[in-house]
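# Summary of the model geometry
The primary structure of each chain is shown beneath.
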Amino acid sequence: HENLHNSVDDALLLKRKSEEVLFQLNGRCIYLVGMMGSGKSTVGKILAEVLGYSFFDSDKLVEQAVGMPSVAQIFKVHSEAFFRDNESSVLRDLSSMRRLVVATGGGAVIRPVNWKNMKKGLSVWLDVPLEALARRIAKVGTASRPLLDQPSGDPYTMAFSKLSMLAEQRGDAYANADVRVSLEEIASKLGHDDVSKLTPIDIALEPFHKCLNITSLSPCS
Ligand SMILES: Nc1ncnc2c1ncn2[C@@H]1O[C@H](COP(=O)(O)OP(=O)(O)O)[C@@H](O)[C@H]1O
Ligand SMILES: O=C(O)C1=C[C@@H](OP(=O)(O)O)[C@@H](O)[C@H](O)C1
Ligand SMILES: [Mg+2]
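Residues numbered from 1 in each chain as written. Chains lettered and ligands numbered in written order. Predicted model: local features only at pLDDT ≥ 70, side-chain atom pairs only at ≥ 80, totals over all residues.

Naming follows an unreviewed UniProt entry, where the protein appears as shikimate kinase of Aegilops tauschii subsp. strangulata. What UniProt states about the protein under its Cofactor (unreviewed entry) heading is, verbatim, "Mg(2+)". Here the protein is described in UniProt, under the heading Catalytic activity (unreviewed entry), as follows: "shikimate + ATP = 3-phosphoshikimate + ADP + H(+)". (UniProt positions renumbered as here; feature names shortened; annotations may be inferred.)

Attention now goes to the overall build of the protein. Of regular secondary structure, the protein possesses 10 helices and 5 strands. In terms of overall size, the protein behaves like a compact globule, its C-alpha atoms giving a radius of gyration of 17 Å where 221 residues would be expected to give roughly 17 Å. For the C-alpha atoms alone, the extent of the protein along its principal axes is close to 45 × 40 × 30 Å. Burial analysis of the protein (221 residues in total) assigns 34% to the buried set. In the protein, the proportion of contacts linking residues at least 24 apart, taken out of those at least 6 apart, comes to 73%. (Helix = DSSP H or I, 4+ residues; strand = E, 2+ residues; numbered from the N terminus. Rg over C-alpha atoms; globule rule 2.2 N^0.38 Å. Buried ≥ 20, exposed ≤ 12 C-beta atoms within 10 Å, placed from the backbone. Contact = placed C-beta atoms within 7 Å.)

Another aspect to go through is the site of ligand 1. Surrounding ligand 1, one finds 14 residues, the nearest of these being Gly39, Lys40, Ser41, Thr42 and Arg136. Those elements giving two or more residues to the shell around ligand 1 turn out to be helix 2 (40-51), helix 7 (130-140) and helix 10 (200-211). Top contributing element to the shell around ligand 1 by residue count: helix 2, with 3 residues. Taken together, the residues of the shell around ligand 1 break down into 6 nonpolar, 6 polar and 2 charged. (Near = placed C-beta within 6 Å. Nonpolar A, V, L, I, M, F, W, Y, C, P; charged D, E, K, R; others polar.)

A separate point is the pairing of strand 4 (residues 122-127). The buried fraction of strand 4 is high, at 5 of 6 residues. Where strand 1 (residues 30-33) and strand 4 come together, 4 bridges link them in parallel fashion. Across the sheet, the residue bridging to valine 33 is tryptophan 125, located in strand 4. One ladder, built from 4 bridges, connects strand 4 with strand 5 (residues 179-182); its direction is parallel. Bridging across to strand 5, tryptophan 125 finds its partner in arginine 180. (Pairing = 2+ DSSP bridges.)

Looking now at the environment of leucine 25. In this fold, leucine 25 is placed in helix 1 (residues 2-25). Between the C-alpha atom of leucine 25 and that of arginine 99, which follows or precedes it by 74 residues, the distance is 8.8 Å.

Moving on, we come to the packing of helix 2 against helix 10. Across the interface, helix 2 lies against helix 10 with an axial gap of 9 Å and an inter-helix angle of 65°. Viewed along their axes, helix 2 and helix 10 adopt a mutual orientation that is roughly perpendicular. Helix 10 is crossed by helix 2, and the crossing has right-handed handedness. Only Pro200, Ile201, Ile203 and Ala204 of helix 10 make contact with helix 2, whose side of the interface consists of Thr42, Val43, Ile46 and Leu47. When its residues are assigned to classes, the contact of helix 2 with helix 10 shows 7 nonpolar, 1 polar and no charged. (Axes fitted to C-alpha atoms, helices over the stretch in contact; angles between N-to-C directions. Parallel < 35°, antiparallel > 145°, perpendicular 65-115°, else oblique. Left-handed = near helix turned anticlockwise from the far one by under 90°.)

With that settled, consider the environment of arginine 136. Locating arginine 136 in the fold gives a position in helix 7. For the pair arginine 136 and glutamate 49, spaced 87 residues apart in the sequence, the C-alpha separation amounts to 23 Å.

With that settled, consider unusual backbone geometry. Even without being glycine, asparagine 26 reaches a positive phi, approximately 55°. Inspection of the secondary structure puts asparagine 26 in the loop between helix 1 and strand 1. The residue arginine 99 is not glycine, and still its phi comes out positive at about 55°. As for its position among the elements, arginine 99 is in the loop between helix 5 (80-94) and strand 3 (100-103).

Here we have 5 strands laid out as an open sheet, ordered 2-3-1-4-5, and parallel in their pairing. Looking along the sheet, the strands with just one partner apiece sit at the ends: strand 2 (54-57) and strand 5. Strand after strand, the sheet turns through a mean of 20° between neighbouring axes, direction not considered. In terms of strand pairing, strand 1 meets strand 3 through 3 bridges, oriented parallel. Residue pairing across strands places tyrosine 31 opposite valine 102, the latter belonging to strand 3. The strands touched by helix 10 are strand 4 and strand 5; relative to strand 5, the strand with the most contacts, the crossing angle is about 145°.

Below you can see the structure in the form of structure tokens.
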């Protein structure tokens with residue numbers, strides 16, 4: 001009973017905050033960036049829903065553009081470089097539109113040209129501890145994420161080690177985002193000892209709180 005009340009309250013709060021943010025966004029797109037498994041697709045759909053924006057997953061748009069059913073197949077039949085070129089052209093096309101929430105692929109942040117396009121909107125980094133990413137990925141499997149695909153081994157350990165390598169290679173590329181949403185910060189604010197207690201709505205609220213504090217961006221100031 002109490003849980004139901006809490007989630008209704010959260011949903012209403014999210015809706016109310018979205019109305020304040022909408023005014024500041026002034027039609028600008030939101031780009032979600034972050035490592036694989038950080039929740040870009042999950043949180044992005046919620047943000048689009050409450051804002052009345054359209055949601056796009058750039059991985060899905062690349063699949064459509066190439067005419068293949070999965071990112072995994074594009075990597076296998078073509079190459080990562082081919083995927084990245086298509087990812088860049090999808091992001092370029094989206095950047096001329098308005099009122100979109102875009103879940104980017106985890107690797108989109110490595111190309112400066114993608115930042116040039118994403119900077120036309122508001123970029124939001126979902127910063128999730130590697131342990132939580134590896135737990136999520138181990139749960140759903142790696143079939144759709146070719147960079148984490150593994151022939152053998154314990155799924156959590158394998159995902160953790162590959163994600164660590166990628167995080168190191170990508171350095172601070174994610175930190176280019178206008179807004180950083182740290183799950184550790186949200187958990188500590190809500191008095192949770194673990195980020196796994198956070199619901200996607202708890203997380204979706206955070207960029208709204210932060211966006212309302214941004215002064216360096218004209219529509220959000
Ligand atoms: N807040 C959350 N708590 C637990 N699991 C989550 C949360 N957000 C997303 N997930 C799960 O983690 C996996 C990766 O999420 P997804 O939104 O696809 O991430 P991304 O698009 O960043 O790779 C999915 O199986 C999703 O259901
Ligand atoms: O981090 C990456 O390089 C990738 C992330 C994937 O998207 P998600 O972050 O949605 O899993 C997808 O674009 C591709 O498998 C490569
Ligand atoms: Mg995704």
